[in-house]
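For reference, the chains in residue letters:
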Amino acid sequence: VFLCTKCISMQTQFSSTRSNFGREASIPRSGSSRKWLDFKINARHLLTGEELDSSEILSLLELASELKALRNNGDSFDTSVRGKSLAMIFDKASLRTRFSFTVAMNELGGFAIESVSANRKTEEPEDTARVLSGYCQAIMVRTFEDASLERMATVSGVPVINGLSDLHHPCQILADLLTLRETFGKLNGLTLTYLGDGNNILHSLLLMAPQLGVHVRYSCPKGYEPNPAILERAQAKAKLSPGSVAAYPSPEFASHGADAFYTDVWVSMGQESEKKAREIAFRGYQLNESLVALGSKNAVVMHCLPMARGQEISNTLPDAPCSVIFNQSENRLHVQKALLIGLL
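Every chain's residues receive numbers from 1 upward, in the order its sequence appears when written. With the structure being a predicted model, the display of local features is reserved for residues of pLDDT at least 70 and the display and counting of side-chain atom pairs for 80 or more, all residues being used for whole-chain, interface and lining totals. Computation of side-chain values covers all heavy atoms of the structure but excludes hydrogens and water.

Peer 1: What's the story with the sheet that holds strand 9 (residues 300-303) in this structure? I'm lost.
Peer 2: Hydrogen bonding along the main chain pairs the strands of a sheet, whether they run parallel or antiparallel. Across the sheet, which stays open at both edges, the 5 strands sit in the order 7-6-5-8-9 with parallel pairing between neighbours. Both outer strands of the open sheet, strand 7 (244-247) and strand 9, are each paired with one neighbouring strand and no more. Averaged over neighbouring strand pairs, the angle between their axes works out to 20 degrees when direction is ignored. We treat two strands as partners when DSSP finds at least two bridges between them. Secondary structure elements are defined from DSSP: runs of H or I of at least 4 residues count as helices, runs of E of at least 2 residues count as strands, and each element is numbered from the N terminus. Pairing of strand 8 (residues 260-263) with strand 9, which is carried by 4 bridges, proceeds in the parallel orientation. Note on strand 9: the bridge partner recorded for Thr-263 is His-303. All axes here are fitted lines through C-alpha atoms, helices being fitted over the stretch that makes contact, and every angle between N-to-C directions spans 0 to 180 degrees.

Encoded structure:
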C-alpha cells in the first residue's frame, strides 16, 4: 500500500495545531466572551448558505469554536435556545444530520422532534410549514427538491433550515469551514480542490467558501459539472470576494499545490439507477494518495460522509493522519449549535 509520506509527517503538527486552537477558542469562566452567545443572524432562513455574509459566517465559526471548547471542558452555559423546539423533517435517510441536530438541541436545552416520510402523510409543503410553525420555533428539512424548502420558507412563521437538499448542503460546508480553520488557523488564502460529482456539496462550497478567501478548484467528469445557474451565481460572488472559483480539466491539474482535497460519493440518494454509468464516467477521479502527494506539504483530505471506500476515495486515505474527515462530521454538531443560537 502506498501511503503519502506527507500524511505521515503531518500527524504531530496537526495534533499540536488543533490543541492550540482549542485553547485559544475556550471561553473563560468569567463570561468575558458571552457576547458570542448573543450572536444573531440577520436572515430569517438558511436555505442555500447565500443568506450569510462573510462576517456572519466568521462570527458563527467563532461561536462554534467556543461552544466546542465549552463542551470539551465540561463547562455549562445558557442560550436563547433553552426550552425551544426544533421540528426535523426527513424525506431522505440520515445519520449525521439526525444525530447532530438532535444532540445540538438537547445540549442547548431545547427539544428536537423528528418526522420521517414513511410515517407522515403527504401534504403540500406550505401546509406542513404552517402546522409546524404553531408547534415549534424552527424547522429543519432534509429533502430532495429545493422548491419544497422555498415553498415552506415563504409561509413559515419560524426559521427554516436546509439540512440537505438536491442542490445545497450549507450546514455541511459550515462544518467544513470550521474544520479548515481549526487545522490551518485561517481560511483566507487556502486552496481547496474538489474532485468528482458536481453536486450539492460542490454547489455550497462554490457559493460560501470564496467570500472567506478560499480558492475553490474543481474537476468533474464531462456531463457531471455543477449546475450552470448556481455556478454563474458563484462566479459572480467570487469576483467580489478575496477567494476564487476555477474549473480544471483533470484531477491532476487541480491537485498541484492544494491545501485541502475534497470528494463525495459518485452515486447520491435518488441516483441509484445511474450507478453503472456513473462508475464508468468517474474512473480516474478517485481521491488517493498519489493525488494528495501533488498538494501542499500540509494538505488535508475531506469527505462529507458517508463514503464508499475504494470508489471516490482510496481504502486507506480516510484513516491516514492527513484525513480530517471525522473532524468534519463532529463539527456538524458545533456549527449547528451556533446556527440555532443565531436563528433563535
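Peer 1: I would appreciate a short explanation of the nonpolar core in the present structure.
Peer 2: Generally speaking, soluble globular proteins have nonpolar side chains that are buried together. Within the largest apolar cluster, 66 residues are counted, with the highest numbers of intra-cluster contacts made by Leu-60, Leu-192 and Leu-340. Throughout, a contact is declared for two residues whenever any of their heavy atoms are within 4.5 Å. The contacts of Leu-340, once residues within four sequence positions are left out, are Val-81, Leu-86, Phe-101, Ala-104, Met-105, Leu-108 and Ile-161. Joining through side-chain atoms within 4.5 Å is the link that ties buried Ala, Val, Leu, Ile, Met, Phe, Trp, Tyr and Cys residues into a set, and such a set is a nonpolar core. Only protein chains enter the area calculation, which uses a 1.4 Å probe; residues under 20% of their type maximum are buried, those over 50% are exposed, and those in between are partly exposed.

Peer 1: Got a minute to help me understand the pairing of strand 7 in this structure?
Peer 2: Note on strand geometry: in a regular strand, side chains alternate between the two faces of the sheet. As paired strands, strand 6 (residues 215-219) and strand 7 are joined by 4 bridges and run parallel to one another. Bridge pairing in strand 7 links Tyr-218 to Ala-247. What joins strand 6 to strand 7 is helix 8 (residues 228-238), and the crossover it makes is right-handed. Handedness of a crossover is defined as follows: orient the strands so they point away from the viewer, and if the path from the first strand over the helix to the second runs clockwise, the crossover is right-handed.

Peer 1: When you look at helix 7 (residues 200-208) in this model, what are you seeing that I'm missing?
Peer 2: Residues lying three or four places apart along an α-helix face the same way, a consequence of the helix completing one turn every 3.6 residues. Most of helix 7 sits out of view: 9 of its 9 residues are buried. Those residues of helix 7 lying buried are Asn-200, Ile-201, Leu-202, His-203, Ser-204, Leu-205, Leu-206, Leu-207 and Met-208. By the N-cap criterion, in which a side-chain oxygen at the helix start approaches the backbone nitrogen of a residue two or three places on, helix 7 is capped by Asn-199, the distance to Ile-201 being 3.1 Å. The term polar contact refers here to a pair of N or O atoms within 3.5 Å; inside protein, the definition further demands a hydrogen-donor-capable atom paired with an acceptor-capable atom, and it admits residues adjacent in sequence only when both atoms are side-chain atoms.

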